[in-house]
Amino acid sequence: MPRAFITGITGQDGRHLAEFLHGRGYDVYGMVKGQSNPRAQSLVEEMPFVEIVPGDLADLPSLVAALELAQPDEVYNLGAISFVALSFNQAELTANITGLGVLRMLEAIRMIGGTQNNPIRFYQASSSEMFGKVRETPQTEGTPFHPRSPYGCAKVFGHNIVVNYRESYGLYACSGILFNHEGPRRGIEFVTRKVSNAVARIKLGLQHELVLGNLDAKRDWGYAGDYVEAMWLMLQQDEPDDFVIATGETHTVGEFIERAFAEVGIDDWSGYVRQDPKFFRPAEVDLLIGDASKAREQLGWEPRMAFSELVATMVQHDLATEAAKAGIAL
Ligand code: GDD
């Protein structure tokens, strides 16, 4: 059985990827940091097939020990401080985990290596946030980076160090430049889930207001379940390379809100939404739209879930969950 090692396994993508790889016959090892991490407990309950390995992206010896234990064929580095807004307040921590964490993981792989015939393959979760103040539209693998947040800066370092280690040491190391990807497993701090959850609660009479920041930002939103397949495909190629993963469509935050309210039969949503400066960012990424032609041609990858279905799926999931929690029959 092939063996996969995933950092960030308790997050949205980690869970989707663990499920996907398990379905393909992999033994799945997931790195979890900290003592009595509550997210680890819920992961074990949801996915008992995952072998939990202790480790921390801030601690190189722990990464070496984790790889020694898991002996993986493939390493997926999804662990990061991933919330852009938080990165403005915890910039140093973000640089350490989201940026230097990649370097530590690569060093750990160099130390453990795998066999000559079967070297460890490495996937890095790069991000469309690296394009920031975009230099061209749509964005491709060749678009220059201009990050607009400490998170984006850290991801650029991670991306560049993967290229450097590939070129310097011949590692099989790839980066997926993933545009925003969402779904019912998305954390409540991200705008799509914040909206889908609030819309569900407003429909059920459990909440009366949704307080947000910039409604004009445009994002290329896909479904996380589709995107983890692209991660795996990248590691199955003859040569390592970097790929943009995106839908090629862009929508404003306002459009997402509109569709979410429409899903529960509310057409005039203006009375429910208020803007608060505290949710605006010191610097914003105004427009993201990706061109995934290279992934389509070389990996045979296609996004399956369209924008309207994504919004509907998230709202319906939150309606069912919030109704069940409140004991409301739908
Ligand atoms: N989170 C949040 N909360 N965002 C808001 C809000 C709010 O109340 N109001 C408006 N927004 C706007 C943000 O300013 C941003 O322009 C947009 O909604 C999306 O914000 P997020 O959902 O937090 O995602 P992100 O685009 O900043 O970052 C996500 O995508 C990246 C890929 O481009 C994260 O998943 C990153 O980890 C990922 O790399």
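Reading the values: rules and limits
- Think of each chain on its own: its residues are numbered from 1, step by step along the sequence as written.
- Local features are withheld for residues below a pLDDT of 70 in this predicted model, meaning they are given only at 70 or higher, and side-chain atom pairs are given and counted only at 80 or more; totals for whole chains, interfaces and linings count all residues.
- Note that the side-chain values use all heavy atoms of the structure and ignore hydrogens as well as water.
- Any residue with at least one heavy atom within 4 Å of a molecule or strand is counted as near it.
- Counted as a polar contact is a pair of N or O atoms within 3.5 Å, where, for protein atoms, one must be capable of donating a hydrogen and the other of accepting one, and residues adjacent in sequence contribute only when both atoms are in side chains.
- Under the convention used here, a 1.4 Å probe and the Shrake-Rupley method define accessible areas, while residue burial counts only the protein chains that appear.
- Throughout, the ten residues Ala, Val, Leu, Ile, Met, Phe, Trp, Tyr, Cys and Pro are labelled nonpolar, Asp, Glu, Lys and Arg are labelled charged, and all others, Gly among them, are labelled polar.
- Where each domain starts and ends follows an automatic or database-derived domain assignment.
- We call a set of buried Ala, Val, Leu, Ile, Met, Phe, Trp, Tyr and Cys residues a nonpolar core when their side-chain atoms join them within 4.5 Å.
- A 1.4 Å probe rolled over the protein chains alone gives each residue an accessible area, and that area as a share of the maximum for its type sets the label: buried under 20%, exposed over 50%, partly exposed in between.
- Only runs of H or I of at least four residues qualify as helices and only runs of E of at least two qualify as strands under DSSP, and these elements are numbered from the N terminus.
- In predicted models, pLDDT denotes the confidence assigned by the predictor to each residue on a 0 to 100 scale.
- Put plainly, a pocket is an open set of points on a 1 Å grid over the protein atoms alone with protein on both sides within 12 Å along at least five of seven lines, a cavity is a set where a 1.4 Å probe fits but cannot get out, and a lining residue has an atom within 4 Å of a point.
- Grid points are joined across faces, edges and corners, and a volume is the space filled by probe spheres set on the points.
- Pairs of residues are marked as contacts when any of their non-hydrogen atoms sit within 4.5 Å.
- Buried surface area refers to the total accessible area, computed with a probe of radius 1.4 Å, that the two partners give up upon joining, counted for both partners together.
- What makes a salt bridge here is a side-chain nitrogen of Lys or Arg within 4 Å of a carboxyl oxygen of Asp or Glu, nothing more.

Asker: Is there a simple way to explain the site of the ligand in this structure?
Answerer: The full set close to the ligand counts 24 residues, and S127, S128, Y151, R281 and E284 are the nearest of them. Between the ligand and S82 there is a distance of 2.6 Å, counted from an oxygen atom to a backbone nitrogen or oxygen. Measuring from an oxygen atom of the ligand, one finds a side-chain N or O atom of R281 at 2.6 Å. Relative to its unbound accessible area of 720 Å², the ligand is 96% covered by the protein chains. Tallied by class, the residues present in the shell around the ligand amount to 11 nonpolar, 6 polar and 7 charged. Looking at which domains feed residues into the shell around the ligand, each of domain 1 (3–181 + 221–245) and domain 2 (187–219 + 250–286 + 306–326) gives three or more.

Asker: Would you mind going over the nonpolar core with me for this structure?
Answerer: Within soluble globular proteins, side chains that are nonpolar generally end up buried alongside one another. Among the nonpolar cores identified, the biggest contains 44 residues, and I6, L21, Y76, Y123, I245 and W301 are the most heavily contacted of them. Of all the elements, helix α8 (residues 224–234) adds the most residues to this core, at 7 residues. Core analysis: the next-biggest nonpolar cluster, separate from the first, contains 29 residues, L212, W221, V315 and L319 among them.

Asker: In this structure, what is going on with the confidence of the model for the protein? I would like to understand it.
Answerer: Low pLDDT marks regions whose predicted coordinates should not be analysed in detail. In this model, the protein carries a mean pLDDT of 97, and residues with pLDDT of at least 70 account for 99%. No element of the protein has a lower mean pLDDT than helix α2 (residues 38–46), which averages 93, and none a higher one than strand β11 (residues 243–245), which averages 99.

Asker: Just checking my understanding: could you explain the layout of surface pockets for this structure?
Answerer: If you roll a probe as big as a water molecule over the atoms, it shows you where there is empty space left. The computed volume of the second largest pocket comes to approximately 160 Å³. As for the second largest pocket, its lining consists of I109, R110, G113, P119, I120, R166, Y169, G170, L171, Y172 and P240. Counting residues per element, the ones that place at least two in the lining of the second largest pocket are α5 (91–112) and α6 (150–169). Counted by class, the lining of the second largest pocket contains 7 nonpolar, 2 polar and 2 charged residues.

Asker: Would you take a moment to explain the domain arrangement of the protein for this structure?
Answerer: Interfaces are often sized by the amount of accessible area the parts lose when they come together. In terms of domain boundaries, the protein breaks down into domain 1 (3–181 + 221–245) and domain 2 (187–219 + 250–286 + 306–326). Relative placement of domain 1 and domain 2: their C-alpha centres are 28 Å apart. With 12 residues of domain 1 at the contact, the number on the domain 2 side is 16 residues. With both chains or domains summed, domain 1 and domain 2 bury close to 1300 Å², and 69% of this area falls on carbon and sulfur atoms. If you sort the residues of domain 1 by the area they bury against domain 2, F83, R148 and W221 come out on top, with a joint share of 57%. The interface formed by domain 1 and domain 2 includes 0 salt bridges. Here domain 1 and domain 2 share 1 residue pair in polar contact (both at pLDDT 80 or more) between them. Looking at the side of domain 1 that touches domain 2, the elements with two or more residues in it are α4 (84–89) and β10 (222–223). With 3 residues, α4 is the single largest residue contributor to the side of domain 1 that touches domain 2.

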